[in-house]
Amino acid sequence: MVRIAPSILAADFARLGAEIDSIREGKADWLHFDVMDGLFVPNLSIGLPVLESVRRYTDMFLDVHLMIREPGRYVERFCEAGADLVCIHAEADAEEGIRAALREIRRLGKKAGLALKPGTAWDAALPFIEDVDLILVMTVEPGFGGQSFMADQLEKIRAIRALLKERGLRCELEVDGGINAETAPLAVEAGADVLVAGSAVFGKSDRRAAIAALRGNL
Ligand code: DX5
Ligand code: ZN
């Protein structure tokens with residue numbers, strides 16, 4: 001069954017504990033945590049102190065999406081702060097820097113993820129395929145919640161699913177951006193097994209119904 005990872009970027013940060021309770025009770029699988037540095041993307045969000053607080057508050061699986069330049073500078077601190085999975089962008093550093101950061105995440109006992117922006121071809125993941133537990137296909141330009149799903153990314157999701165199947169890899173395939181009850185089935189049909197959703201969950205008052213709708217149980 002597909003996993004649902006609500007993005008707390010769309011939550012009310014003044015009530016973060018209650019927001020986390022609501023998605024946990026609503027049967028979310030993971031909590032998606034978006035980190036931005038104002039350089040890799042033209043926006044800032046949350047970082048290490050908030051992750052530490054969230055880690056103390058919940059035992060939910062924390063899926064940390066780093067939208068930061070040269071992520072190798074920070075992966076150790078995000079692992080120590082309580083991430084279960086740290087996902088870095090293929091575009092955020094030279095190939096050697098990305099490979100070293102992915103290997104460091106795994107060495108620290110966490111899952112390593114590689115994210116691809118919409119303009120990045122599927123085969124940018126190839127050099128790292130043995131070093132990752134998850135590939136994240138962005139279906140919006142990273143930086144902001146509430147944007148529309150880019151259907152032209154479905155082909156990339158299919159290509160990566162085909163690659164994983166062909167090589168017999170257990171790597172997960174996550175899709176992030178513009179996921180709602182209409183677009184979720186498209187991503188799943190193309191091969192996604194983890195769906196990130198910000199506004200489609202935190203923008204709705206009934207979190208359980210919102211999460212169920214993403215799974216297709218309307
Ligand atoms: C965007 C973030 C997303 C964002 C998704 O840069 O990576 O995780 O929170 O928000 P929605 O689901 O509203 O597109
Ligand atoms: Zn994200």
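Residues numbered from 1 in each chain as written. Chains lettered and ligands numbered in written order. Predicted model: local features only at pLDDT ≥ 70, side-chain atom pairs only at ≥ 80, totals over all residues. Heavy atoms only, no water.

**Brief notes about the site of ligand 1**
Surveying the vicinity of ligand 1 reveals 20 residues, the closest of which are D34, G143, D176, G198 and S199. The contact in question runs from an oxygen atom of ligand 1 to an N or O atom on the side chain of H32, over 3.4 Å. Protein chains bury 99% of the 380 Å² of accessible surface belonging to ligand 1 in isolation. With 3 residues, the single largest contributor to the shell around ligand 1 is strand β2 (residues 30-36). In terms of residue class, the shell around ligand 1 is built from 8 nonpolar, 10 polar and 2 charged. (Near = heavy atom within 4 Å. Polar contact = N/O pair within 3.5 Å; in protein donor to acceptor, adjacent residues only side chain to side chain. Areas by Shrake-Rupley, 256 points an atom, 1.4 Å probe, with all protein chains shown as cover. Helix = DSSP H or I, 4+ residues; strand = E, 2+ residues; numbered from the N terminus. Nonpolar A, V, L, I, M, F, W, Y, C, P; charged D, E, K, R; others polar.)

**A look at the pattern of salt bridges**
Tallying each qualifying case throughout the model produces 16 salt bridges. Notably, a salt bridge pairs E172 with K111, separated by 4.0 Å at the nearest N-O pair. Taken together, the residues span a long stretch of sequence, with E172 in strand β7 (residues 172-176) and K111 in strand β5 (residues 111-116) at a distance of 61 residues. According to the relative accessible area criterion, E172 is buried, its value standing at 11%. Its salt-bridge partner being D193, residue R161 comes within 3.0 Å of it at the nearest N-O pair. (Salt bridge = Lys/Arg side-chain N within 4 Å of Asp/Glu carboxyl O. Buried < 20%, exposed > 50% of the residue type's maximum accessible area, 1.4 Å probe, protein only.)

**Here's the deal with the coordination of the zinc ion (ligand 2)**
Coordination of the zinc ion (ligand 2) by the protein is provided by H32 (NE2), D34 (OD), H65 (ND1) and D176 (OD), with metal-donor distances spanning 2.1 to 2.3 Å. One can describe the donor arrangement at the zinc ion (ligand 2) as octahedral, given that its 6 donor atoms subtend angles of 70 to 170 degrees at the metal. Residue classification places H65 among the buried positions, given a relative accessible area of 0%. (Donors = N, O, S within 2.8 Å, 3.2 Å for Na, K, Ca; no water. Tetrahedral: all angles 85-135°; square planar, octahedral: opposite > 155°, others 65-115°.)

**Regarding the nonpolar core**
With 62 residues, the main nonpolar core has L66, V86, I88, L114, I179 and L195 as its most contacted residues. The element best represented in this core is helix α5 (residues 154-167), accounting for 5 residues. If near-sequence neighbours (up to four positions away) are discounted, I88 is found in contact with L66, P71, V75, I98, A101, L102, I105, G113, L114 and A115. Residues W30, C87, L134 and V196 belong to the second largest nonpolar core, which totals 11 residues. (Core = buried A, V, L, I, M, F, W, Y, C linked by side-chain atoms within 4.5 Å. Contact = heavy atoms within 4.5 Å.)

**Describing the environment of A151**
Locating A151 in the fold gives a position in the loop between β6 (134-138) and α5. We classify A151 as partly exposed; its relative accessible area is 47%. Spatially, the C-alpha atom of A151 lies 33 Å from that of V50, the residues being 101 residues apart in sequence.

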